[in-house]
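# Secondary and tertiary structure notes
Letter by letter, the chains look like this.
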Amino acid sequence: MKKMILSLLVLSSVAHSSELDSLIDTSNAIVDQIDRGIKLVGAAQEYSYTGSGLSDGTLSSTAHISAEQLQAYNNALSGMSTYQAFGDLQTVLEEKAYTELDMMDEAIGVFTEVVVDMIAVQEVAEVAEQAASPQEEAEVQTFVESNIEVLTITQEEVDTYNTSLDDIETHANNASAFLAVAGNKEAVEFLEQGIENANTTAEQTNIFYDSNQQWVAMGYNTTRNLTAVYLNGNDNIGLDLYVTEADILAAGSESEYYLTGPTAYSYDCFMNSDCTEL
């Protein structure tokens, strides 16, 4: 694994941006034509003054610079106006956020599926709570005995539920952290200065969110130093993202995901569209 990581770092260290690659390719194409032209002119001088050789009369056209080559080169020059020698940190942060959002969505899919598999527990809770007499309690007993297989929750389902919840929180926090930093001009400029000081590019850095340190940190392939932006307001940038458990649960209670889920109303409402509560 260490050899693989080292190989990737070596490859990335010689990589150029698409803008620079384009400039290299298009300028060299014209240089090659000019080089060929100079050789043809030199040969013309040598042969013409001595009468010692002739071309077939078509070689000059092989050194012409075509309209396509000219346009490609000038376009590459224009493209360099937006070229970022140290990379595009904001794009790197946003792409990392989008990757985390994709993983969060996958985990939400797993969570939703297992909740649907286990949600019969809500019917059990509702039926049991509504039993107000011995007769109704007997009916609950009959209901459970008749549906024991459907109502039973397995350890595998619980493990899947717990793990998917952890994954959702992790990926959601990562995405939110990266997007917050990407959207803050001072934070981006601070990290960009770190990239310049390390003489590397944004694409070659290791950017990560650390919940224990409460920061988004950036490591380099050229130094062991870290550059970090705190997300708890404890620096001059002032990003303060942490919210309380009450705030999070309140936001969740108003979310579409919750309001279209099984526990916002009743089991029958969710499973059978019997939403008399609404």
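Residues numbered from 1 in each chain as written. Predicted model: local features only at pLDDT ≥ 70, side-chain atom pairs only at ≥ 80, totals over all residues. Heavy atoms only, no water.

Before going further, it helps to examine the pattern of salt bridges. Under the counting rule described, the total for this entry stands at one salt bridge. Between K39 and D35 there is a salt bridge, and its shortest N-O distance comes to 3.3 Å. Pair noted here: K39 and D35 are both in helix 2 (residues 18-50), with a separation of four residues, about one helical turn. (Salt bridge = Lys/Arg side-chain N within 4 Å of Asp/Glu carboxyl O. Helix = DSSP H or I, 4+ residues; strand = E, 2+ residues; numbered from the N terminus.)

Two numbers describe how helix 4 (residues 89-118) lies on helix 8 (residues 155-182): the axes approach to 7 Å, and their chain directions differ by 155 degrees. In terms of orientation, helix 4 and helix 8 fall into the roughly antiparallel class. For the element pair helix 4 and helix 8, the recorded crossing hand is left-handed. Residues that form the contact of helix 4 with helix 8 fall into these classes: 23 nonpolar, five polar and six charged. (Axes fitted to C-alpha atoms, helices over the stretch in contact; angles between N-to-C directions. Parallel < 35°, antiparallel > 145°, perpendicular 65-115°, else oblique. Left-handed = near helix turned anticlockwise from the far one by under 90°. Nonpolar A, V, L, I, M, F, W, Y, C, P; charged D, E, K, R; others polar.)

When pLDDT is averaged along the protein, the result is 84, and 89% of the positions lie at 70 or above. Confidence drops under a pLDDT of 50 for residues 1-16, and excluding neighbours within four residues, the segment shows five contacts in the predicted structure. (pLDDT = per-residue confidence, 0-100. Contact = heavy atoms within 4.5 Å.)

Let's shift gears to the nonpolar core. L89, V181, I207 and V216 are the most contacted members of the largest nonpolar core, which totals 23 residues. Excluding anything up to four places from it in sequence, V216 contacts A177, F178, V181, I207, F208, Y209, T227, A228, V229 and L231. M104, A107, V115 and L151 belong to the second largest nonpolar core, which has ten residues in total. (Core = buried A, V, L, I, M, F, W, Y, C linked by side-chain atoms within 4.5 Å. Buried < 20%, exposed > 50% of the residue type's maximum accessible area, 1.4 Å probe, protein only.)

Turning our eyes to something else, we now look at the sheet that holds strand 3 (residues 226-230). Spatially, three strands are ordered 1-2-3 in an open sheet, and the strand pairing comes out antiparallel. If you trace the sheet from one side to the other, it starts and ends with strand 1 (206-210) and strand 3, each paired once. Strand-to-strand twist in this sheet, taken as the mean axis angle between neighbours without regard to direction, amounts to 20 degrees. Both strand 2 (residues 215-219) and strand 3 contribute to a ladder of five bridges, which runs antiparallel. For M218, the partnering residue across the bridge sits in strand 3 and is T227. (Pairing = 2+ DSSP bridges.)

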